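Residues per chain are reported as follows:
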Amino acid sequence: MNVGPVKSRSTRQKTAVNRVLDEREDFVSAQELFALLKERGEQVSLATVYRILQQQQQDGLVDVLNPDDGESLFRRCEAQTHHHHLMCRRCGRAVEIEAPAVEAWAARTAQEHAFTEVEHTVEIYGICPDCSRS
């Protein structure tokens, strides 16, 4: 069985997704990313976009926000270490923040309850200074 073309297509699709993520500074949903790829003439399915984003999330290459509306948002990860986000509810601006107190609390809480392999995400939502002025 010849799997060469399948691998090539997957690599091309991943490259296209990476190109869009690298060009954007803001968060984007998988559906928005899919639409941008289609506008550029890329032949990629929505399911493939989701798969690529999921793998990149697992590999620590993208940040993921889960706002109240339930649709995850993705952005190329700028920080190389564990971090959290402060996000504007109006314009979507996101600031990467480190939170040593949160890290200590999470570790202590997990230890108190004998949990192992603990992960956590902290997303703080508010209104940024620019949106507050308008």
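Here's a quick rundown of the structure. (Residues numbered from 1 in each chain as written. Predicted model: local features only at pLDDT ≥ 70, side-chain atom pairs only at ≥ 80, totals over all residues. Heavy atoms only, no water.)

### As for the overall build of the chain
Here is step 1 of the chain: Assigned secondary structure in the chain consists of five helices and six strands.
Here is step 2 of the chain: Rg of the C-alpha trace for the chain: 18 Å, well past the compact-globule value of 14 Å for 134 residues, more than 25% over.
Here is step 3 of the chain: For the chain, the C-alpha atoms occupy an extent of roughly 55 × 45 × 25 Å along the three principal directions.
Here is step 4 of the chain: Residue burial in the chain is summarised as follows: out of 134 residues, 30% are buried.
Here is step 5 of the chain: At a minimum sequence separation of 6, the contacts of the chain that also span at least 24 residues come to 44%.
Here is step 6 of the chain: A total of about 9200 Å² of accessible surface is found on the chain, and carbon and sulfur atoms cover 50% of it.
Here is step 7 of the chain: Side-chain charges in the chain split into 16 positive and 21 negative, and the spacing between the mean points of these groups amounts to 7 Å. (Helix = DSSP H or I, 4+ residues; strand = E, 2+ residues; numbered from the N terminus. Rg over C-alpha atoms; globule rule 2.2 N^0.38 Å. Buried < 20%, exposed > 50% of the residue type's maximum accessible area, 1.4 Å probe, protein only. Contact = heavy atoms within 4.5 Å. Areas by Shrake-Rupley, 256 points an atom, 1.4 Å probe, with all protein chains shown as cover. Lys, Arg positive; Asp, Glu negative; His and termini not counted. Charge placed at Lys NZ, Arg CZ, Asp CG, Glu CD.)

### Some thoughts on the nonpolar core
Here is step 1 of the chain: The biggest cluster of nonpolar side chains holds 15 residues, and the ones touching the most others in it are Val17, Leu21, Leu33, Leu37, Val49, Leu53 and Phe74.
Here is step 2 of the chain: Put simply, the parts of the chain that give this core at least two residues each are α1 (4-23), α2 (30-39), α3 (46-58) and β2 (62-65).
Here is step 3 of the chain: Discounting chain neighbours no more than four positions away, the residues touching Leu53 are Val17, Leu21, Ala30, Leu33, Val62 and Phe74.
Here is step 4 of the chain: Phe27, Leu65, Leu73 and Ala94 belong to the second largest nonpolar core, which has five residues in total. (Core = buried A, V, L, I, M, F, W, Y, C linked by side-chain atoms within 4.5 Å.)

### Description of the state of the cysteines
Here is step 1 of the chain: Using the criterion set out here, one finds zero disulfides in the structure.
Here is step 2 of the chain: With no disulfide of its own, Cys128 lies closest to Cys131 among cysteine sulfurs, the gap being 3.7 Å.
Here is step 3 of the chain: Judged by its relative accessible area of 12%, Cys131 falls in the buried class. (Disulfide = S-S within 2.5 Å.)

### Observations regarding α2
Structurally, the α-helix is built with 3.6 residues per turn, so residues lying three or four positions apart point the same way.
Here is step 1 of the chain: When α2 is considered as a whole, its buried residues turn out to be Ala30, Leu33 and Leu37. For α2, the angular spread of buried residues about the axis comes to 60°, placing them on one side.
Here is step 2 of the chain: Once α2 ends, the next one or two residues include Gly41, with phi positive near 85°. (Arc of directions from axis to C-beta.)

### What to know about the environment of Thr116
Here is step 1 of the chain: Its location among the elements puts Thr116 in the loop between α4 (100-112) and β6 (123-126).
Here is step 2 of the chain: Here the alpha-carbon distance between Thr116 and Ser72, two residues 44 residues apart in the chain, equals 26 Å.

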